[in-house]
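Architecture and fold: a report
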Amino acid sequence: MRLPLVAGNWKLNGSLAANRELLQGVIAGLPAAGVEVMVCPPAVYLAPTAAELAGTTLLLGAQDVSTQDQGAYTGEVSAAMLRDVGCTHTLIGHSERRTLFGDTDDVVAAKFVAARAASVQPVVCIGETLEERQAGDTMAVVRRQLGAVLNKVGVDGFAGAIVAYEPVWAIGTGQTATPEQAQEVHAAIRAQLAAADAKLGDRTRILYGGSVKGANAADLFSRQDIDGGLIGGASLKAGEFLAICEAAAGTDS
Ligand code: PGA
C-alpha cells in the first residue's frame, strides 16, 4: 500500500513569527498515523523550520532546487545545501516555476538529477493549462512532462520519487478538479509509470494539487490513484491543513 502524503507548499508567504505560529499549530494536531505530512517553506526559512520540526514526524521540503552543484550561479540554492539544512524533499517543476520562471521539461529533468544526486527526493509537478485541457491535450501534456524526467533517469533513477498532478487551471483559483477528472489523469500517470516498470506503477505516490481544502479533500483522496495532496493556500492555515491531513489519514487502510 502507498502511504498518503500531504505536502504544504507555502509559496512566497510567511515570516519567522508567522511560520512559528503555523508550525506549532500543525505539529500540535498532526495525525498519529496513516499519513506523512510535509511543509515546503521559502528557502530562507528552511533552516529555522528544520529547527522547529526537530523531534516531530513532520517532513521538510524545498520549493525548488538548482540544476547546479556549486559555483558562479548567483541566487541559486543547490540540492546539497537543501540536504545540509535538513530537507529530505524538494518540489520541482511547479507550474509557477514553469510559467513564470521558464523551467522547461529539460530543466525540470536536470533538477531531478541534481536533487537525487544529493539524496533529496523530488516531487515532480506536472499538469495542463486550461487551454491545453480545452484542446483535449491533457493526457499528452502530462505524459510529455513526466516522460521528460522518466526518459532521462530511467526506472531505477525514478524509484522513490513522488509525482504531483496539478492542473494549472485549478491552482489558486478555487476551481478544484472533480475527483473524477483528477482520478482519470492519475490513472493515466500510473499507467505510464507501470508501462516503464510494474513496481514503479504500484509504488509511486501521485499527489493531487489545485484548490484542495478540508471540505473536498476526503472525496479526492478516496480515489484509487490519488495518494494525497500538494496544498497551497490551505496549507497556510493550521486548522484547514490539518483537516486535509486527517482526510488523507482516513484513506490509509
Ligand atoms: P492551491 O495551490 O492549493 O492554492 O491551489 C496548490 C499548489 O500550487 O501547489
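Residues numbered from 1 in each chain as written. Predicted model: local features only at pLDDT ≥ 70, side-chain atom pairs only at ≥ 80, totals over all residues. Heavy atoms only, no water.

A word on the overall build of the protein. Scanning the protein from N- to C-terminus turns up 11 helices and 8 strands. The C-alpha radius of gyration of the protein comes to 17 Å, within 12% of the 18 Å expected for a compact globule of 253 residues. Projected onto its principal axes, the C-alpha positions of the protein cover 45 × 45 × 35 Å. Long-range pairs, those at least 24 residues apart, make up 73% of the contacts in the protein with a sequence separation of at least 6. When the accessible surface of the protein is totalled, it reaches about 11,000 Å², and 52% of it is carbon and sulfur. A gap of 2 Å separates the mean positions of the 19 positive and 27 negative side-chain charges of the protein. (Helix = DSSP H or I, 4+ residues; strand = E, 2+ residues; numbered from the N terminus. Rg over C-alpha atoms; globule rule 2.2 N^0.38 Å. Contact = heavy atoms within 4.5 Å. Areas by Shrake-Rupley, 256 points an atom, 1.4 Å probe, with all protein chains shown as cover. Lys, Arg positive; Asp, Glu negative; His and termini not counted. Charge placed at Lys NZ, Arg CZ, Asp CG, Glu CD.)

The next point concerns the state of the cysteines. On inspection of all chains with the given rule, the structure shows 0 disulfides. Sulfur of Cys 125: no disulfide; nearest cysteine sulfur belongs to Cys 40 and is 8.8 Å away. For Cys 125, a relative accessible area of 2% gives the class buried. (Disulfide = S-S within 2.5 Å. Buried < 20%, exposed > 50% of the residue type's maximum accessible area, 1.4 Å probe, protein only.)

What follows is about the pattern of salt bridges. Per the counting criterion, the structure on display carries 15 salt bridges. Here Glu 36 makes a salt bridge to Arg 205, at a shortest N to O gap of 2.9 Å. Remark: Arg 205 occurs in the loop between helix H9 (198–203) and strand E7 (206–209) and Glu 36 occurs in strand E2 (residues 36–40); sequence separation between them is 169 residues. Residue Glu 36 is classed as partly exposed on the basis of its relative accessible area of 27%. (Salt bridge = Lys/Arg side-chain N within 4 Å of Asp/Glu carboxyl O.)

For the rest of this paragraph, the subject is the pairing of strand E6 (residues 162–165). The side chains of a regular strand alternate, first on one face of the sheet and then on the other. The two faces of E6 match: Ile 162 and Ala 164 on one face and Val 163 and Tyr 165 on the other face are all buried. Of the strand pairs in this sheet, E6 and E7 are connected by 3 bridges, and their pairing is parallel. Within E7, the position partnered with Tyr 165 by the bridge is Tyr 208. (Pairing = 2+ DSSP bridges.)

Next up on the list: the sheet that holds strand E1 (residues 5–9). The strand order around the closed barrel built from 8 strands is E1-E2-E3-E4-E5-E6-E7-E8, with neighbouring strands paired in parallel fashion. For this sheet, the mean inter-axis angle between neighbouring strands, taken without regard to orientation, is 25°. Relative to E1, helix H11 (residues 238–249) is tilted by about 160°, and along the sheet it contacts E1, E2 and strand E8 (228–231). (Axes fitted to C-alpha atoms, helices over the stretch in contact; angles between N-to-C directions.)

Okay, the side chain of Glu 128 next. Relative to the assigned elements, Glu 128 resides in the loop between strand E5 (121–126) and helix H6 (130–134). The class for Glu 128 is buried, based on a relative accessible area of 0%. A distance of 2.7 Å separates a polar atom in the side chain of Glu 128 from a polar atom in the side chain of Arg 133. Among all residues touching Glu 128, those that are not within four sequence positions of it are Arg 133, Thr 138, Val 141, Val 142, Tyr 165, Glu 166, Pro 167, Val 168 and Trp 169. (Polar contact = N/O pair within 3.5 Å; in protein donor to acceptor, adjacent residues only side chain to side chain.)

Around the ligand, the structure places 13 residues, and the nearest of them are Lys 11, His 94, Glu 166, Gly 172 and Ser 211. Within the contact set of the ligand, an oxygen atom lies 2.7 Å away from a backbone nitrogen or oxygen of Gly 172. Backbone polar atom of Gly 232 to an oxygen atom of the ligand: 2.8 Å apart, as the coordinates give it. If the ligand stood free it would expose 280 Å²; the protein chains cover 95% of that surface. Of the residues that constitute the shell around the ligand, the class distribution is 4 nonpolar, 7 polar and 2 charged. (Near = heavy atom within 4 Å. Nonpolar A, V, L, I, M, F, W, Y, C, P; charged D, E, K, R; others polar.)

At a closest axis distance of 10 Å, the pairing of helix H7 (residues 138–158) and helix H8 (residues 179–196) adopts a crossing angle of 35°. With respect to the hand of their crossing, H7 and H8 are arranged in right-handed fashion. The segment H7 lies against H8, with Thr 138, Met 139, Val 142, Arg 143, Leu 146, Gly 147, Leu 150, Val 155 and Phe 158 engaging Glu 184, Val 185, Ala 188, Ile 189, Gln 192, Leu 193 and Ala 196. (Left-handed = near helix turned anticlockwise from the far one by under 90°.)

Here helix H5 (residues 105–117) is 13 residues long and its end C-alpha atoms lie 19 Å apart, about the 18 Å a rise of 1.5 Å per residue gives. Every buried residue of H5 is accounted for by Asp 105, Val 108, Ala 109, Lys 111, Phe 112, Ala 114 and Ala 115. In the core, the buried residues of H5 are packed alongside helix H3 (79–84), strand E4 (89–92), helix H4 (95–100), E5 and H7. (Expected span 1.5 Å × (residues − 1).)

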